[in-house]
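Residue-level structural notes
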Amino acid sequence: MHKEWTLRSRNRGLAIVTAALMIAACAGPSTSRTGSVHDIRIAEGPDPADLIVQPGDEVRWVNARTLPVRVDLINVPPDGLSCERGFSNFFASIQESATIKPNHTTSACFTKPGVVNYNLRMESALPGGNVVVPGVIRIGGKP
């Protein structure tokens with residue numbers, strides 16, 4: 001009897017954990033996009049460094065370097081993303097930064113008009129070993 005109760009308790013616990021993970025996976029932003037994709041190529045810095053997009057457009061950072069690059073979003077409100085790839089953790093919680101491996105990308109779709117600032121953190125041969133290069137995304141400006 002005790003063995004049967006323990007097995008039921010484990011199955012119930014597994015079901016609760018599975019349900020919690022499924023709910024967390026649905027908690028992230030939706031994946032709707034407008035269809036327009038804008039690339040920011042990262043070599044010595046972002047190209048372009050000042051980008052104008054429309055709400056819902058996908059902004060994709062492309063790491064053309066031989067080392068990883070970290071993108072830090074500075075002033076994005078909690079509901080400011082309608083899609084993302086690379087800016088969430090295991091529990092689908094949105095993070096303010098994403099690390100891009102060499103020859104890989106990360107992306108985000110911004111929902112509201114405004115200005116989003118970001119920093120690229122890159123390894124460098126300069127003293128200190130790192131360089132921070134800013135960039136700007138203007139959402140809802142003139143196309």
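No experiment lies behind these values; they were computed from the predicted model shown.

1. Observations concerning the packing of aromatic side chains
- This structure, assessed with the given rule, holds 2 aromatic pairs.
- Summarising the aromatic geometry, the rings of W61 and F87 are spaced 5.8 Å apart at their centres and angled 65 degrees between planes, so their arrangement reads as edge-to-face. Linking W61 in strand β4 (residues 58–63) with F87 in the loop between β6 (81–85) and β7 (97–100), this pair joins segments that are 26 residues apart in sequence. You'll find W61 and F87 in the same group, each marked buried.
- With centroids separated by 5.5 Å and ring planes inclined at 80 degrees, the aromatic side chains of W61 and Y118 adopt a geometry described as edge-to-face. One end of the pair, W61, is in strand β4; the other, Y118, is in strand β9 (residues 114–123), with 57 residues separating them in the sequence. Judged on exposure class, the residue W61 and its partner Y118 are both buried.
- An aromatic cluster is present here, built from W61, F87 and Y118 joined pairwise through their rings.

2. Side note on the sheet that holds strand β5 (residues 69–73)
- Strand order across the open sheet formed by 5 strands is β3-β10-β9-β5-β7, with mixed pairing between neighbours. For this open sheet the edge positions go to β3 (50–53) and β7, each flanked by a neighbour on one side alone. Here the average twist between neighbouring strands, direction ignored, is 25 degrees.
- In this sheet, strand β10 (residues 130–139) lies alongside β9 in antiparallel orientation, the contact comprising 10 bridges.

3. Remarks on the side chain of E84
- Structurally, E84 is set in strand β6.
- Despite its burial, E84 pairs with no opposite charge, the nearest such side chain being R85 at 7.9 Å.
- Among the polar contacts made by the side chain of E84, one reaches the main-chain amide nitrogen of G86 at a distance of 3.2 Å.
- At 2.8 Å, the side chain of E84 forms a polar contact with the backbone nitrogen of F87.

Quick notes on the rules
- Residues numbered from 1 in each chain as written.
- Predicted model: local features only at pLDDT ≥ 70, side-chain atom pairs only at ≥ 80, totals over all residues.
- Heavy atoms only, no water.
- Phe/Tyr/Trp six-rings, centres within 6.5 Å; stacked < 30°, edge-to-face > 60°.
- Helix = DSSP H or I, 4+ residues; strand = E, 2+ residues; numbered from the N terminus.
- Buried < 20%, exposed > 50% of the residue type's maximum accessible area, 1.4 Å probe, protein only.
- Pairing = 2+ DSSP bridges.
- Axes fitted to C-alpha atoms, helices over the stretch in contact; angles between N-to-C directions.
- Lys, Arg positive; Asp, Glu negative; His and termini not counted.
- Salt bridge = Lys/Arg side-chain N within 4 Å of Asp/Glu carboxyl O.
- Polar contact = N/O pair within 3.5 Å; in protein donor to acceptor, adjacent residues only side chain to side chain.

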